[in-house]
Amino acid sequence: EAEVAQSPRYKITEKSQAVAFWCDPISGHATLYWYRQILGQGPELLVQFQDESVVDDSQLPKDRFSAERLKGVDSTLKIQPAELGDSAMYLCASSLPDRGYNEQFFGPGTRLTVL
Amino acid sequence: QQPVQSPQAVILREGEDAVINCSSSKALYSVHWYRQKHGEAPVFLMILLKGGEQKGHEKISASFNEKKQQSSLYLTASQLSYSGTYFCGTIGAARQLTFGSGTQLTVLP
């Protein structure tokens, strides 16, 4: 069964350092999402791609976060510099072209701890 | 704007039923339901669309009241495997999936 792949699964870093997360969506899924989930809360959308284009990044803290999907397949989310408040689970999801009625398939996530 | 889920937590015995509610203050295009087990990724359960169409799970049912902007998830004859946190996600005019804060369901033997 096709799955969304993410790496690393866990990342511990010190504040002010740079971190990067990688996501490989399910083959054929044009839409890719990055979410942040703080413990005890629901996922919060950071950025949404349609192929290689950013569709929505209104919730992305652009002073320190960046995301790219250069060839419209895999994607990288970067934080530079990391802050203590960035500690969270970072989830990647993918779906068929977004019409509001396609389920999103989530990867296992990257658990980030900032010390 | 984040949808509101209730209850925040529920504990029940195997075989009992549960209802989880989700409400929004804005007009909705669709409601999505996901279940997340501790330390794992959210797993899709069901989508309810404006107009009554549904996609989803065989053993879990849900309703969507478009006028009231509310949805309910019905878990009948619960099994131990139903334990987890249930999230509703709503899609409005902005076409962005916004998740609620979750309902933690614990099924005891």
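Residues numbered from 1 in each chain as written. Chains lettered and ligands numbered in written order. Predicted model: local features only at pLDDT ≥ 70, side-chain atom pairs only at ≥ 80, totals over all residues. Heavy atoms only, no water.

Caption draft 1: Representation of the overall build of chain A. Within chain A, the regular secondary structure consists of zero helices and eleven strands. In summary, chain A has a C-alpha radius of gyration of 13 Å against a globular reference of 13 Å for 115 residues, a match within 12%. For chain A, the spread of C-alpha atoms along the principal axes amounts to about 40 × 30 × 25 Å. Within chain A, buried positions represent 48% of all 115 residues. For chain A, the proportion of contacts with a sequence separation of at least 24, taken over those separated by at least 6, is 54%. With an accessible surface of roughly 5,600 Å², chain A has 49% of that area assigned to carbon and sulfur atoms. (Helix = DSSP H or I, 4+ residues; strand = E, 2+ residues; numbered from the N terminus. Rg over C-alpha atoms; globule rule 2.2 N^0.38 Å. Buried < 20%, exposed > 50% of the residue type's maximum accessible area, 1.4 Å probe, protein only. Contact = heavy atoms within 4.5 Å. Areas by Shrake-Rupley, 256 points an atom, 1.4 Å probe, with all protein chains shown as cover.)

Caption draft 2: The state of the cysteines, seen in detail. The tally for this structure, following the rule as stated, stands at two disulfides over all chains. Across the disulfide from A:Cys23 sits A:Cys92; the S-S distance is 1.9 Å. Taking the torsion about the sulfur-sulfur bond, which here is approximately -65°, the covalent link between A:Cys23 and A:Cys92 counts as left-handed. In this pair, A:Cys23 sits in strand 3 (residues 19-24) while A:Cys92 sits in strand 9 (residues 88-95), placing the two residues 69 residues apart along the sequence. Each disulfide pairs two cysteine sulfurs, and for B:Cys22 the partner residue is B:Cys88, the sulfurs being separated by 2.0 Å. Judged by the sign of its S-S torsion, about 70°, the cystine formed by B:Cys22 and B:Cys88 is right-handed. Placement of B:Cys22 in strand 3 (residues 18-23) and of B:Cys88 in strand 9 (residues 84-91) is noted, with a sequence separation of 66 residues between them. Of the two residues examined, B:Cys22 and B:Cys88, each falls in the buried class. (Disulfide = S-S within 2.5 Å.)

Caption draft 3: Here's a closer look at the sheet that holds strand 1 (residues 5-7) of chain A. Residue and element names in this part refer to chain A. A sheet is described by the order of its strands in space; here four strands give the open sequence 1-3-8-7, paired in antiparallel fashion. Each edge of the sheet is formed by a strand with only one pairing partner; in this case those strands are strand 1 and strand 7 (65-68). Strand-to-strand twist of the sheet, defined as the mean angle between neighbouring strand axes without regard to direction, takes the value 15°. Pairing of strand 3 with strand 8 (residues 75-79) involves five bridges; the strand directions are antiparallel. Among the inter-strand pairings, Ala20 is bridged to a residue of strand 8, identified as Lys78. (Pairing = 2+ DSSP bridges. Axes fitted to C-alpha atoms, helices over the stretch in contact; angles between N-to-C directions.)

Caption draft 4: The arrangement of the layout of surface pockets in detail. For the largest pocket, the calculated volume is near 430 Å³. Considering the residues around the largest pocket, the lining is formed by 21 residues, among which A:Leu39, A:Gly40, B:Gln36, B:His38 and B:Thr85 are closest to the centre. Every element with two or more residues in the lining of the largest pocket is listed here: strand 9 and strand 11 (103-108) of chain B. It is strand 9 of chain B that provides the largest number of residues to the lining of the largest pocket, a total of three residues. Class assignment of the residues belonging to the lining of the largest pocket gives a composition of five nonpolar, 13 polar and three charged. What lines the second largest pocket is a set of 17 residues, and nearest its centre among them are A:Glu1, A:Glu3, A:Phe105, A:Phe106 and B:Val43. Elements that contribute at least two residues to the lining of the second largest pocket include exactly strand 10 (105-106) of chain A together with strand 5 (43-49) of chain B. For the lining of the second largest pocket, the residue count by class is ten nonpolar, three polar and four charged. (1 Å grid on protein atoms, 1.4 Å probe; cavity = no way out; pocket = protein on both sides within 12 Å on 5 of 7 lines; lining within 4 Å. Points joined across faces, edges and corners; volume = space filled by probe spheres on them. Nonpolar A, V, L, I, M, F, W, Y, C, P; charged D, E, K, R; others polar.)

Caption draft 5: Representation of the sheet that holds strand 1 (residues 4-6) of chain B. Residue and element names in this part refer to chain B. The four strands are arranged 1-3-8-7 in an open sheet whose pairing can be described as antiparallel. Both outer strands of the open sheet, strand 1 and strand 7 (60-65), are each paired with one neighbouring strand and no more. Direction aside, neighbouring strands of the sheet carry axes that sit 15° apart on average. Pairing analysis gives six bridges linking strand 7 to strand 8 (residues 70-75), with the strands arranged antiparallel. The partner of Ile60 across the bridge, within strand 8, is Leu75.

Caption draft 6: Expanded view of empty space enclosed by the protein. For the coordinates displayed, the defined rule picks out one cavity of 30 Å³ or more. Space inside the largest cavity adds up to approximately 30 Å³. Around the largest cavity, the lining comprises ten residues; the ones closest to its centre are A:Tyr33, A:Gln48, A:Gln104, B:Arg95 and B:Leu97. Every element with two or more residues in the lining of the largest cavity is listed here: strand 4 (31-37) and strand 5 (44-50) of chain A.

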